[in-house]
Amino acid sequence: MQTTVRSVASFAGVGLHSGKPVTLHVRPAPAFHGIVFRRTDILGRNPLIPALWSNVIQEPLNTRIENQDGVTVSTIEHLMAALAGTGVHNALIDVDGPEIPILDGSSAPFVRAFVSMGLTHLDAPLRAIEILEEVQVGHGASRASLSPATSLQIDFSIDFADQAIGQQKKTLNLANGTFVRELCDSRTFCRQADVDAMHARGLALGGSLENAVVVDGDAVLTPGGFRHNDEPVRHKMLDALGDLYTAGAPILGRYTGERAGHAMTNQLLRALFAK
């Protein structure tokens, strides 16, 4: 059975890259509506952008979607993961700027709101996408694949030169609330050298030690350190779940990612739907 949020959930923060204030409202929507973003600051153009793989602009740092009028919304992955992980199938998401607020860098603020308010069950069947045979994409040392499984499973591995991260690997079955318990509070992370490079390019202006885990070699610069010893790979799994939800329905299959990112997961979905 399909679901939607029971009432309006509102959030306010800054955009990760612009650093500008953003207000967000997640509203109930009818069955078969899907997840659709609406830019409330746009006039004279279509402000609606369905959160679908075919609307994703492939970028390495975040997930950005665009409609046929060139209207975009970026950094949707943490919100999309929260919707997927709490079982929200339909929502109209109003945002008054080009980015979703970064909040604490994880999906936890969204999850807390959705779990607290509960969901409304709609009188309509839920359709899922079942993976029947393996689909794989790759580039260099990075790889992502989808293979048959009876529920959504994620197997992810990362390898960073910084000793604070190093090699990490984790496998989870995302059924029965696993996302809420295991992944939703894991924050985005980055290397101090990458932060300096992004700032030089005018990016990540809203990033701070309060909404990201920043490492430098073997040191964790963010006060309090990691929330989990393997928080970086958990966050990669969170990102993957959010990006996979742009399939337009829940996936029954096993996602395997090795040094994969946003663009590669979208390439994987494009390969899946091409078959």
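Please read these numbers as outputs of a predicted model, since none were measured by experiment.

Undergrad: How would you summarise the environment of Glu133 if you had to cite specific residues and measurements?
TA: Residue position: Glu133 is located in the loop between strand S11 (129-130) and strand S12 (135-139). Measuring from C-alpha to C-alpha, the distance between Glu133 and Leu272 comes to 9.6 Å, with 139 residues separating the pair along the chain. When residues no more than four places from it in sequence are discounted, the contact partners of Glu133 are Leu146, Pro148 and Lys275.

Undergrad: Any chance you could break down the side chain of Asn266 for me, citing the residues and the numbers?
TA: Structurally, Asn266 can be placed in helix H6 (residues 262-274). With sequence-adjacent residues up to four places away left out, Asn266 is seen in contact with Trp53, Val56 and Gln58.

Undergrad: Mind laying out the sheet that holds strand S18 (residues 219-220), listing which residues take part and the relevant values?
TA: In space, the three strands of this open sheet follow the order S16-S17-S18, with mixed pairing throughout. Taken across any chain shown, the strands that pair with only one partner, and hence form the sheet edges, are strand S16 (189-191) and S18. By the bridge criterion, three bridges tie S16 to strand S17 (residues 213-216) in an arrangement that is parallel. By the bridge assignment for S17, Arg191 is matched with Val215. Packed onto the sheet, helix H4 (residues 192-200) meets S16 and S17 and runs at close to 85 degrees relative to S16.

Undergrad: Account for the packing of aromatic side chains, with residues named and values stated.
TA: The geometry of an aromatic ring pair comes down to the distance between the two centres and the angle between the two planes. Scanning the model with the defined rule gives five aromatic pairs in all. On the numbers, 4.8 Å between centres and 75 degrees between planes, the contact of Phe11 with Phe110 is edge-to-face. Pair noted here: Phe11 is in strand S2 (residues 9-14) and Phe110 is in helix H2 (residues 108-117), with a separation of 99 residues, a long-range link. With 5.5 Å between their ring centres and 75 degrees between their planes, Phe160 and Phe189 make a pair best called edge-to-face. Within this pair, whereas Phe160 is found in the loop between strand S14 (153-159) and strand S15 (167-173), its partner Phe189 is found in strand S16, the two being separated by 29 residues in sequence. Using a relative accessible area of 13% as the deciding quantity, one classes Phe189 as buried. Taken together, the ring pairs in this structure connect Phe11, Phe110 and Phe114 into an aromatic cluster.

What counts, and where the lines are drawn
- Residues numbered from 1 in each chain as written.
- Predicted model: local features only at pLDDT ≥ 70, side-chain atom pairs only at ≥ 80, totals over all residues.
- Heavy atoms only, no water.
- Helix = DSSP H or I, 4+ residues; strand = E, 2+ residues; numbered from the N terminus.
- Contact = heavy atoms within 4.5 Å.
- Pairing = 2+ DSSP bridges.
- Axes fitted to C-alpha atoms, helices over the stretch in contact; angles between N-to-C directions.
- Phe/Tyr/Trp six-rings, centres within 6.5 Å; stacked < 30°, edge-to-face > 60°.
- Buried < 20%, exposed > 50% of the residue type's maximum accessible area, 1.4 Å probe, protein only.

Scope: geometric values only; no functional claims are made or implied.
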